[in-house]
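These are the residues of each chain, in order.
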Amino acid sequence: MAIVLKKGGSFNLTKEEPTLKKVMIGLGWEPASANLDLDASVFMVGTNLKLINDSYFIFYNNLKSPDGSTQHTGDNRTGFGDDDDEMVLVNLDLVNPNVMELIVVVSIHEAEQRRHTFGLLSDAYIRLFDVETKREVARFDLDASYPNDTVVVFGKLQKTNNEWKFYALGDGSTKGLQGLVDIYA
Ligand SMILES: [Ca+2]
Ligand SMILES: [Ca+2]
């Protein structure tokens, strides 16, 4: 049984799932209209909460981290369908030791030009899936509404004392992906 998290909740992967090494982070949503394109990205940051290197910003134009740990499986343009719309694979054993957090965000492509916000979609979630045992281990359904937001931090993996924890965040912002790039890059 997967752990179902609420906003702000956390899950200790190292303690609860000690054999988990290869994690698929699945992200899903249902758009209210066509041409609403959401994009998953990951900021791999160090103790100072900055990218350890620009190439550790993982998004549709930079699909794989230099350490080989983190792989974005590619851009989905529509979000239609109940399965994961975009996915990121993380091999925890390969994560560069300087990386303390993998911050998983979803932003809306051309949000300002198209006047799109998270208010136009429903059933957004983030889930962690064990690639080797093919089990969902944790899930967070974003139940808050984000009528004006153009980017939402869905969750993060954080390493503390060599233990990995997953945090369900659901933190929205009106500043788009660039707003987060300004913070973390
Ligand atoms: Ca997309
Ligand atoms: Ca979907």
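From a predicted model like this one, the values you see are computed outputs, not experimental measurements.

Enquirer: I keep staring at the overall build of the protein and nothing clicks. Help me out?
Expert: Secondary structure assignment for the protein yields three helices and twelve strands. Taking 2.2 N^0.38 as the reference for a compact globule, 185 residues should give roughly 16 Å; the C-alpha atoms of the protein span a radius of gyration of 15 Å, in line with that estimate. Its C-alpha atoms give the protein principal-axis dimensions of about 40 × 35 × 25 Å. In the protein, the share of contacts with a sequence separation of at least 24, taken over all contacts with a separation of at least 6, comes to 70%.

Enquirer: Any chance you could explain the nonpolar core here in plain terms?
Expert: One finds Ile25, Val42, Met44, Leu102, Val104 and Phe154 to be the most contacted residues of the largest nonpolar core, which totals 50 residues. The residues contacting Ile25, other than those within four sequence positions of it, are Met87, Val88, Val90, Val104, Ile126 and Leu128.

Enquirer: Please explain the environment of Leu180 as it appears in this structure.
Expert: Note that Leu180 resides in helix α3 (residues 176-184). A residue is classified by how many C-beta atoms lie within 10 Å of it, and Leu180, with 19 of them, is partly exposed. Separated by 160 residues in sequence, Leu180 and Leu20 place their C-alpha atoms 29 Å apart. Beyond its immediate chain neighbours, meaning those up to four positions away, Leu180 contacts Phe43, Val105 and Val151.

Enquirer: Just checking my understanding: could you explain the pairing of strand β8 (residues 101-108) for this structure?
Expert: Strand residues, when the strand is regular, have side chains that alternate between the two faces of the sheet. Counting buried positions along β8 gives eight out of eight residues, so the element sits mostly inside the fold. In this structure, strand β4 (residues 38-45) lies alongside β8, joined through eight bridges in antiparallel fashion. Bridged to Val45 within β8 is Glu101. As defined by bridge partners, β8 adjoins strand β11 (residues 151-160) across seven bridges and the pair is classed as antiparallel. In the strand pairing of β11, Ser107 is matched with Val151.

Enquirer: Looking at this structure, I do not really get the sheet that holds strand β9 (residues 121-130). What am I missing?
Expert: One key point about sheets: their strands pair by backbone hydrogen bonds, in either a parallel or an antiparallel sense. The mixed open sheet is built from six strands, whose spatial order is β1-β10-β9-β3-β7-β6. The sheet terminates laterally at β1 (3-5) and β6 (70-72), the two strands that pair on one side only. Taken pair by pair, the neighbouring strands of this sheet meet at an average axis angle of 15°, ignoring direction. Pairing of strand β3 (residues 22-31) with strand β7 (residues 86-91) involves six bridges; the strand directions are antiparallel. Counterpart to Ile25 in the pairing with β7 is Val88.

Enquirer: Whenever I open this one, the sheet that holds strand β12 (residues 163-173) confuses me. Can you help?
Expert: If you walk across this open sheet you meet the six strands as β2-β12-β11-β8-β4-β5, and the pairing is antiparallel. Edge positions in the open sheet fall to β2 (10-12) and β5 (57-58), since each of these has one partner strand only.

Enquirer: Teacher, can you tell me more about the environment of Leu13 here?
Expert: Mapping Leu13 onto the fold places it in helix α1 (residues 13-16). Along the backbone, Leu13 and Gln158 are 145 residues apart, and their C-alpha atoms lie at a distance of 9.9 Å. Ignoring any residue separated from it by four or fewer positions in sequence, one finds Leu13 in contact with Leu20, Trp164, Lys165 and Phe166.

Enquirer: Whenever I open this one, unusual backbone geometry confuses me. Can you help?
Expert: The general pattern is negative phi for most residues beyond glycine and trans for most peptide bonds. With phi around 60°, Leu49 is a residue other than glycine that occupies positive phi space. Counting through the fold element by element, Leu49 comes out in the loop between β4 and β5. At Asn161, a position not held by glycine, the phi torsion is positive, near 50°. Tracing the sequence through the fold places Asn161 in the loop between β11 and β12. With 5 C-beta atoms packed within 10 Å, Asn161 lands in the exposed category.

Rules of the game
Residues numbered from 1 in each chain as written. Chains lettered and ligands numbered in written order. Predicted model: local features only at pLDDT ≥ 70, side-chain atom pairs only at ≥ 80, totals over all residues. Helix = DSSP H or I, 4+ residues; strand = E, 2+ residues; numbered from the N terminus. Rg over C-alpha atoms; globule rule 2.2 N^0.38 Å. Contact = placed C-beta atoms within 7 Å. Core = buried A, V, L, I, M, F, W, Y, C linked by C-beta atoms within 7 Å. Buried ≥ 20, exposed ≤ 12 C-beta atoms within 10 Å, placed from the backbone. Pairing = 2+ DSSP bridges. Axes fitted to C-alpha atoms, helices over the stretch in contact; angles between N-to-C directions.

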